[in-house]
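Here's the letter readout for the chains.
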Amino acid sequence: MFTHAFTYRGRDFAVRQTAEGELTLMLGKVVRKQCPPSDREPQYLWTNVELEWEEHHYIEVRYWATGGRLRITANGQPLHDDAIAA
């Protein structure tokens, strides 16, 4: 179970994992995507957000539970790629 907060282009995001293993991507206090618990790795979620007028950003989250590795990208560019404390 963890929460990893990050800021991208002036907006607050968070990736959360529940005790049951569900992964959630938040933009502010709004749930953008959820991924149910699974034995498959990595758990994956994505969302396409418009942060400015006609400016779309593709946010992807991958989480490998066996190593605790979290990778977050925006338009393919890494924002976070490291193990996190669960």
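Anything mentioned here points back to the structure above.
One numbering rule holds for all chains: residues counted from 1, following each sequence as written. Restriction of local features to residues with pLDDT of at least 70 applies here, the model being predicted, together with a cutoff of 80 or more for giving and counting side-chain atom pairs; totals for whole chains, interfaces and linings are based on all residues. Based on all heavy atoms of the structure, the side-chain values leave hydrogens and waters out of the count.

> Sorry, what's going on with the sheet that holds strand β3 (residues 23–27) here?
Sheets are built from strands paired through backbone hydrogen bonds, the pairs being either parallel or antiparallel. One bridge is not enough; two strands pair if DSSP finds at least two bridges between them. Each helix is a run of H or I in the DSSP string that is no shorter than four residues. Each strand is a run of E no shorter than two, and both are numbered from the N terminus. Read across the open sheet, the four strands follow the order β1-β2-β3-β4; overall the sheet is antiparallel. The open sheet terminates on both sides in strands that have one partner only, identified here as β1 (2–8) and β4 (30–35). Taken over all neighbouring pairs, the strand axes of this sheet differ in orientation by 20 degrees on average, direction set aside. Examined bridge by bridge, strand β2 (residues 11–17) and β3 share five bridges and lie antiparallel to one another. In the sheet register, V15 faces β3, and the bridge partner there is L25. Only the stretch in contact is used when a helix axis is fitted, and all axes are lines through C-alpha atoms; the angle between N-to-C directions ranges over 0 to 180 degrees.

> In this structure, what is going on with a nonpolar patch on the surface? I would like to understand it.
Together, Y44, W46 and Y58 give the surface a local cluster of nonpolar side chains, amounting to about 260 Å² of exposed area. Exposure categories follow from relative accessible area, calculated using a 1.4 Å probe and restricted to protein chains: below 20% of the type maximum is buried, above 50% is exposed, and the middle band is partly exposed. Taking relative accessible area as the criterion, Y58 reaches 31% and is therefore assigned partly exposed. Only residues whose relative accessible area exceeds 30% and that take part in no salt bridge are eligible for patches, with like-charged residues grouped when within 9 Å of each other and nonpolar side chains (Val, Leu, Ile, Met, Phe, Trp, Tyr) grouped when within 5 Å. Areas reported as accessible are Shrake-Rupley estimates using a 1.4 Å probe. Residue values count occlusion only from the protein chains shown. Whenever Lys or Arg places a side-chain nitrogen within 4 Å of a carboxyl oxygen from Asp or Glu, that contact is recorded as a salt bridge.

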